[in-house]
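Geometric and topological summary
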Amino acid sequence: MIILGIETSCDETGVALYDSKKNKILSENIFSQAAKHALYGGVVPELASRDQVLKLLPMVKLTLSESGKSSDQIDAIAYTKGPGLSGSLLVGASFANSLSLGWSKPCVGVHHMEAHLLVNLLEERSPQFPFLTLLVSGGHTLLIKALEIGEYQVLGQTRDDAVGEAFDKVAKILGMNYPGGPEIEKIAKKGNPNSYNLPRPMLNKKNLDFSFSGLKTAVLYVVKKKKLPLSKDFKADIAASFQAAVAETLVERCKSALLQTGDTQLVIGGGVASNQYVRKRLQKGLQGIDIFFPNLSRCTDNGAMVAVAGYHRFNNESSFSKSIEIKPRWDLSELNK
Ligand code: KG4
Ligand code: ZN
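Scope of this entry: the structure provided in the associated data block. (Residues numbered from 1 in each chain as written. Chains lettered and ligands numbered in written order. Predicted model: local features only at pLDDT ≥ 70, side-chain atom pairs only at ≥ 80, totals over all residues. Heavy atoms only, no water.)

1. Description of the site of ligand 1
- Taken together, 22 residues form the shell around ligand 1, and within it Gly138, Asp168, Glu185, Gly271 and Asp301 come nearest.
- Between ligand 1 and the protein, one listed contact pairs an oxygen atom with a backbone N or O atom of Gly271 at 3.0 Å.
- Here a nitrogen atom of ligand 1 sits 3.1 Å away from a polar atom, N or O, in the side chain of Asn275.
- Burial of ligand 1 by the protein amounts to 89% of the accessible area it has alone, namely 550 Å².
- Structurally, ligand 1 is housed in the largest pocket.
- Elements that contribute at least two residues to the shell around ligand 1 include exactly α4 (112-118), α5 (163-173) and α6 (180-188). (Near = heavy atom within 4 Å. Polar contact = N/O pair within 3.5 Å; in protein donor to acceptor, adjacent residues only side chain to side chain. Areas by Shrake-Rupley, 256 points an atom, 1.4 Å probe, with all protein chains shown as cover. 1 Å grid on protein atoms, 1.4 Å probe; cavity = no way out; pocket = protein on both sides within 12 Å on 5 of 7 lines; lining within 4 Å. Sits in = over half its atoms within 2 Å of the grid points. Helix = DSSP H or I, 4+ residues; strand = E, 2+ residues; numbered from the N terminus.)

2. Here we look at the sheet that holds strand β6 (residues 131-136)
- Sheet architecture is open: 5 strands sit in the order β8-β7-β6-β9-β10, paired in mixed fashion. A strand with exactly one partner marks an edge of an open sheet, and here the two such strands are β8 (151-157) and β10 (290-292). Within this sheet the neighbouring strands show an average axis-to-axis angle of 25°, counted without direction.
- By the bridge criterion, 6 bridges tie β6 to strand β7 (residues 141-148) in an arrangement that is antiparallel. Residue pairing for β7: Leu132 is matched across the bridge by Lys145.
- Running at roughly 155° to β6, helix α8 (residues 232-261) makes contact with β6, β7, β8 and β9 (265-269) of the sheet. (Pairing = 2+ DSSP bridges. Axes fitted to C-alpha atoms, helices over the stretch in contact; angles between N-to-C directions. Contact = heavy atoms within 4.5 Å.)

3. Quick notes on the pattern of salt bridges
- Applying the stated rule across the entire model yields 16 salt bridges.
- One salt bridge connects Asp51 with Lys36, and the closest N-O pair in it is separated by 3.0 Å. Remark: Lys36 occurs in helix α1 (residues 34-38) and Asp51 occurs in helix α2 (residues 45-67); sequence separation between them is 15 residues.
- We classify Asp51 as buried; its relative accessible area is 4%.
- A salt bridge links Lys169 to Asp161, with the shortest nitrogen-to-oxygen separation between them at 3.2 Å.
- Classification of Asp161 by relative accessible area gives buried; the value is 7%.
- The network of salt bridges with shared partners includes Asp161, Glu165, Lys169 and Lys216. (Salt bridge = Lys/Arg side-chain N within 4 Å of Asp/Glu carboxyl O. Buried < 20%, exposed > 50% of the residue type's maximum accessible area, 1.4 Å probe, protein only.)

4. Some remarks on the layout of surface pockets
- Quantified by volume, the largest pocket comes out at close to 1400 Å³.
- Every residue lining the largest pocket is counted, 48 residues in all, and those nearest its centre are Cys10, Ser137, Gly138, Gly139 and Asp168.
- If you list the elements that add at least two residues to the lining of the largest pocket, you get β3 (24-32), α4, β8, α5 and α6.
- Residues of the lining of the largest pocket, tallied by class, amount to 18 nonpolar, 20 polar and 10 charged.
- Shared between two domains, the lining of the largest pocket takes at least three residues from each, and those domains are domain 1 (2-118 + 298-334) and domain 2 (126-293). (Points joined across faces, edges and corners; volume = space filled by probe spheres on them. Nonpolar A, V, L, I, M, F, W, Y, C, P; charged D, E, K, R; others polar. Domains from an automatic or database assignment.)

Following this line, the structure appears as structure tokens:
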């Protein structure tokens with residue numbers, strides 16, 4: 001099957017063409033609106049959806065021409081149905097359903113977080129169900145037992161800020177640009193991760209939930225005691241200390257979840273999975289566990305993950321899109337058959 005994947009859950013616009021027989025992405029394009037939103041220190045939903053209206057058609061045309069495929073060679077269209085920003089989701093859903101009508105091809109709406117998880121199946125070395133999954137993005141922090149495709153048990157989640165959101169907010173406190181994750185990672189390379197003793201949230205609790213807003217506030221208190229402008233050395237040290245607190249929290253939570261479930265495979269996904277320091281700490285802290293990371297370019301939102309998830313949803317008729325439907329709030333466990 002050849003599937004066209006369309007991702008518009010937040011500020012990225014992603015389009016990709018997936019060949020399921022070869023388990024390969026034939027062509028893909030991602031347009032990041034980061035520069036547009038950086039002016040405002042975060043995503044402005046109205047700007048995001050307006051830009052996606054303009055970008056989708058040229059990006060689909062480009063992706064098709066780069067793959068050498070024509071519309072009649074495409075078997076199906078997949079789009080992100082939720083969770084995400086309503087306006088952005090509506091743009092993708094309307095566009096995908098219109099293509100579906102115009103091309104007379106079936107259309108399927110996929111769950112964004114399932115797509116972050118399933119993108120790992122594109123890698124040469126990929127996990128075998130069942131496995132444990134840690135999804136760390138700008139909107140979610142989830143520990144999931146993935147039993148099989150479409151069957152997920154949420155073991156833990158954040159009670160307040162998501163990890164990526166905490167990176168973005170800490171970057172803002174330090175006067176850095178949106179998105180904050182890559183900025184923090186870059187400056188933290190020059191800092192000492194042991195320079196500030198920041199909290200490791202929730203680690204004293206027995207459950208598998210997360211909380212990152214207290215950690216962000218702890219950074220704010222340290223910053224408030226400093227004279228402005230903040231020095232580069234200070235920013236590097238506090239960024240490195242924050243990143244270390246996040247990484248240790250993720251490692252410890254995964255350790256507990258792995259002990260609880262007995263899994264030996266851990267799949268990571270979402271924007272924060274592109275952080276090299278976090279990757280290294282997970283690998284070092286979870287020795288003996290087979291850890292799977294997506295390709296760096298497929299950690300943050302992209303069309304490839306939607307195309308792959310769409311393919312795996314196609315054997316389930318109930319996922320076929322019959323109208324323009326979105327689910328801005330959508331619990332992953334609701335997918336279970
Ligand atoms: O998965 P994603 O693209 O979108 C959502 O589904 O939310 O994740 C975006 C989040 C942002 O909060 C961004 O700051 C964070 O991922 N992120 C990173 C890095 N690259 C992106 N966080 C830490 N380190 C990075 N290198
Ligand atoms: Zn995402």
